[in-house]
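What follows is each chain in one-letter form.
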Amino acid sequence: MTTSTTSAPAEVELAITGMTCASCAARIEKKLNRMDGVTATVNYATEKAKVHYSGDVSVTELIATVEATGYTAREPEPVRVEPAPGTDAPEAADALRPLRERLITAVVLAVPVIAMAMVPALQFEYWQWLSLTLAAPVVTYAAWPFHKAALTNARHGAATMDTLISVGTSAAFLWSLWALFLGTAGTPGMTHPFELTIARTDGAGNIYLEAAAGVTAFILAGRYFEARSKRKAGAALKALLELGAKDVTVLDPDGGERTIPTAELAVGDHFRVRPGEKIATDGTVVEGTSAVDASMLTGESVPVEVGVGDPVTGATLNAGGRLVVEATRVGADTQLARMAQLVEDAQNGKAAAQRLADRISGVFVPVVIALALATLGFWIGNGSGLTAAFTAAVAVLIIACPCALGLATPTALMVGTGRGAQLGILIKGPEVLESTRKVDTIVLDKTGTVTTGRMTLLAVHTTDETDDTEVLRLAGALEHASEHPIAQAVAAGAADRIGTLPVPEDFSNVPGLGVQGIVDGHSVLVGREQLLAEWAMALPADLARARAEAETAGRTAITVAWDGEARAVLEVADAVKETSPEAITRLRALGLTPVLLTGDNRAVAASVARAVGIEPERVIAEVMPEDKVDVVKRLQGEGRSVAMVGDGVNDAAALAQADLGLAMGTGTDAAIEAGDLTLVRGDLRAAADAIRLARKTLGTIKSNLFWAFAYNIAALPLAAAGLLNPMIAGAAMAFSSVFVVGNSLRLRSFRAAA
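Under the annotation held in an unreviewed UniProt entry, the protein carries the name Cation-transporting P-type ATPase B and is attributed to Streptomyces pactum. What UniProt states about the protein under its Catalytic activity (unreviewed entry) heading is, verbatim, "ATP + H2O = ADP + phosphate + H(+)". The UniProt entry for the protein carries the following text under Sequence similarities (unreviewed entry): "Belongs to the cation transport ATPase (P-type) (TC 3.A.3) family. Type IB subfamily."

Written as structure tokens, this is what we have:
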């Protein structure tokens, strides 16, 4: 009997190399999806393909399909939470060197070629031969990536911007060679006929070397800056994985200690964490008590009190006492590593952003090539001779060569990003701009984004017989001696209001409850209500009411007593930034619906939402990092285009998943790298300015593209009719480029909202 088996559905990520534009990614995706049982998404930005496959398909067959399309594929390295042995960062960072070298070559050699062609005074007796000498390396060596991509496209029956650039520059260069060696352009003393007239010529005395060299230099510049931006796609993972502790002190069974790299920790190891140190990996406390600041991972603004038996998470900060922790998860199993995987999944899950120029060229390139062939056939059939026919056909290709198109996106992006940097807004690339146009919902992280992200003393409630200044002087002095973040907030608030604080005597920490000591002869207690209860002190009714109201509002209530009597209640919380309410108003004015998202409890979230003007039904609280990603996905599933603003490690995956990620520059590197826009100022109002600027920059790019093509299309009929002389072609190309640059420079006038 024969039994057939079908393998279970599986998923793999392939690293793709050789893509030069978004249409390359679309072609690979199309080929993979034609395979039985395969669903693939190819991301040009991250150079990865996420493939779901079932049946009898193997990874080897998937790779073979990619290679048959003209590209290379391999399974990527797994996510690591420590640097891979032998990793050479400078070498990895130098991956752009070949492209940079081609760009420098093109610019250095093309500038004099363009100058000689456009300035009659520079056209000495043999200037055309010097132009050929300088232009040849540009069109061959510097432009080789375009020629190579065009050949790959041709083998698979496709045409992209690379095809148009390659055909256009090659046509200009080859015609110039013919004119120099077989025509009259090589004659000593030859000059370009700089009369602005429309007349039919045979082209034997015309050279187009400046067009070939100039277009190559312009397009290479755009590709280089795009490549630099694209390489940042993996930086979010790197920033995440560098957050963990590098070394850890392990306790041996015999009582000894040794310091080892975190990567060498094993499950079951006991390690020590001093105050101020990061916890090396996920584990359980086996000795000591402390307050752990987990805000960058969980978004909780209040440090978490931990003791024996409580779990702790790697990369969080021990803000209190000494701890001994037993490692329960190490390496790729830790929460930090899982979050890194979430970020990578979210980045790879984004739809590949199609560059506008590639979308347009998908239609424009075949049309231009067909028109050039039709022109050649028409003039040959019309009996005008081969020279006139080839002149007209080549003129069609040359006038279609996208000089202004090469400037359209880079110049607008350069001016827009430069203006943004002056305003504290960093835009990462052209794909980001397309996202800003359609966003209709903006999800706001609470801690560090809408709020300051640090504990602040907000209010002091006292009995009728007690003075605020006395409370702050005594409580502030005692809390100043503590390392607890809430204690430091009280001490800082007291010092700001009354100045220098006295030094306490007999200070002691009561684990989990508060502190006690002697200040100016008074026996002072500061901490939870339970601490006062242990000394048989109860809160008066008005203070008990103040404490209950503070806790209902999501604030931390701290009781203060001295000389055997409860005297005050202090309110500490993560304060709302002064500019946040105005920022919410500006975001609404842009047509965006704000949603508050936080890992904090519901009471805190509701209080912050009321303060900034967000409706209660648009508040989502008590969410873990992976839940934040799910919230963004759910909103996207409802048909919304989602922007996300955040600043912590816990926001990185959601920032990557969102259609538009805005990272606060005052936050962690992981969040900044995962975001599409970075708000350097840490002011939420900058989010509204960033979206306005990005939309205006996108509008400028679109108008640039329109006019770049408009000039080409308007001149194509003249070229096909054989009526374009070099001056007309050069002037049209130069004017379109000047127009595009001038249009882009208008972005310098962008102003932040007053």
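For the rest of this paragraph, the subject is the UniProt feature "transmembrane region" (unreviewed entry) in the protein. The positions UniProt marks with the feature "transmembrane region" (unreviewed entry) are residues 103–120, 126–144, 164–187, 207–225, 360–380, 386–409, 705–721 and 727–745. As a span, residues 103–120 carries 89% helix and 0% strand, and end to end its C-alpha atoms are 27 Å apart. The span residues 164–187 is 75% helix and 0% strand, and its two end C-alpha atoms sit 31 Å from each other.

Looking now at the sheet that holds strand β15 (residues 441–445). With mixed pairing, the seven strands of this open sheet are ordered in space as β14-β26-β25-β24-β15-β22-β23. At either end of the open sheet lies a strand with only one pairing partner, and these are β14 (425–427) and β23 (619–620). Judged from the three bridges that link them, strand β25 (residues 660–664) and strand β26 (residues 677–679) form a sheet pairing that is parallel. Paired with A663 across the bridge in β26 is T678.

With that out of the way, let us pick up helix α4 (residues 97–118). Residues separated by three or four positions in an α-helix point in the same direction, a consequence of the helix having 3.6 residues per turn. Look at α4: 31 Å from first C-alpha to last across 22 residues, which is about the 32 Å you get at 1.5 Å a residue. The axis of α4 is deflected most strongly, by about 30 degrees, at A110, and proline P112 appears within four residues downstream. When α4 is considered as a whole, its buried residues turn out to be L99, R102, L103, A106, L109, A110, V113, M116 and A117.

Moving on, we get to the environment of T436. Among the secondary structure elements, T436 is positioned in helix α15 (residues 430–438). Under the relative-accessibility criterion, T436 is labelled buried at 0%. Sequence-distant contacts of T436, defined by excluding residues within four places in its chain, comprise L660, I691, A694 and R695.

All right, on to the sheet that holds strand β17 (residues 505–510) then. With antiparallel pairing, six strands are arranged side by side in an open sheet as β16-β21-β20-β19-β18-β17. The two strands at the open ends of the sheet, each matched to only one other strand, are β16 (451–462) and β17. Strand-to-strand twist across the sheet, computed as the mean angle between neighbouring axes with direction ignored, equals 20 degrees.

Before going further, it helps to spend a moment on the side chain of T249. Relative to the helices and strands, T249 resides in strand β5 (residues 247–251). Residue T249 is classed as buried on the basis of its relative accessible area, which comes to 13%. The contact partners of T249, leaving out residues within four places of it in the chain, are E257, R258, T259, H270, F271 and R272.

With that settled, the discussion passes to a nonpolar patch on the surface. On the surface, a nonpolar cluster with roughly 220 Å² of combined accessible area is contributed by M118, V119 and L122. Turning to its location among the elements, V119 is positioned in the loop between α4 and α5 (127–142).

In total, this model carries three aromatic pairs according to the counting rule given. Judged by centre distance (5.3 Å) and plane angle (75 degrees), the ring pair of W129 and F181 falls under edge-to-face. Taken together, the residues W129 in helix α5 and F181 in helix α7 (residues 161–181) connect sequence positions 52 residues apart. With relative accessibility at 26%, the residue W129 sits in the partly exposed group. Residue classification places F181 among the exposed residues on the basis of a relative accessible area of 56%.

The next subject is the pattern of salt bridges. Taken as a whole and judged by the stated rule, the model has 24 salt bridges. Here E582 and R685 are joined by a salt bridge, their closest N and O atoms 3.3 Å apart. Linking E582 in helix α21 (residues 580–589) with R685 in helix α26 (residues 685–720), this pair joins segments that are 103 residues apart in sequence. A relative accessible area of 32% places E582 in the partly exposed class. Note that R634 and E638 form a salt bridge whose closest N and O atoms lie 3.5 Å from each other. Overall, the relative accessible area of 47% leaves E638 in the partly exposed class.

The subject of this paragraph is the nonpolar core. Nonpolar side chains in soluble globular proteins tend to be buried together. I207, L209, L220 and V396 are the most contacted members of the largest nonpolar core, which has 51 residues in total. Elements that contribute at least two residues to this core include exactly α4, α5, α7, α8 (209–230), α12 (356–381), α13 (386–400) and α26. When residues no more than four places from it in sequence are discounted, the contact partners of L220 are L99, R102, L103, A106, A142 and F146. Core analysis: the second largest hydrophobic core is formed by 45 residues, I425, A609, L662 and L705 among them.

This part covers the pairing of β15. The buried fraction of β15 is high, at five of five residues. Bridge analysis of β15 against strand β22 (residues 593–597) gives five bridges, and the strand direction is parallel. Its bridge partner lying in β22, I442 is registered against P594.

The N-to-C vectors of helix α17 (residues 468–480) and helix α18 (residues 485–498) enclose an angle of 135 degrees; their axes lie 8 Å apart at closest approach. With respect to their mutual orientation, α17 and α18 come out oblique. When the axes of α17 and α18 are compared, the crossing they make is left-handed. Taken together, the residues of α18 that come into contact with α17 (itself represented by T469, L472, R473, G476, E479 and H480) are A487, Q488, V490, A491, A494, R497 and I498. Of the residues assigned to the contact of α17 with α18, the class counts are six nonpolar, four polar and three charged.

Definitions and cut-offs
Residues numbered from 1 in each chain as written. Predicted model: local features only at pLDDT ≥ 70, side-chain atom pairs only at ≥ 80, totals over all residues. Heavy atoms only, no water. UniProt positions renumbered as here; feature names shortened; annotations may be inferred. Helix = DSSP H or I, 4+ residues; strand = E, 2+ residues; numbered from the N terminus. Pairing = 2+ DSSP bridges. Expected span 1.5 Å × (residues − 1). Bend = angle between axes of the 7 residues up to and from the residue. Buried < 20%, exposed > 50% of the residue type's maximum accessible area, 1.4 Å probe, protein only. Contact = heavy atoms within 4.5 Å. Axes fitted to C-alpha atoms, helices over the stretch in contact; angles between N-to-C directions. Patch = residues over 30% accessible without salt bridge, like charges linked within 9 Å, V, L, I, M, F, W, Y side chains within 5 Å. Areas by Shrake-Rupley, 256 points an atom, 1.4 Å probe, with all protein chains shown as cover. Salt bridge = Lys/Arg side-chain N within 4 Å of Asp/Glu carboxyl O. Phe/Tyr/Trp six-rings, centres within 6.5 Å; stacked < 30°, edge-to-face > 60°. Core = buried A, V, L, I, M, F, W, Y, C linked by side-chain atoms within 4.5 Å. Parallel < 35°, antiparallel > 145°, perpendicular 65-115°, else oblique. Left-handed = near helix turned anticlockwise from the far one by under 90°. Nonpolar A, V, L, I, M, F, W, Y, C, P; charged D, E, K, R; others polar.

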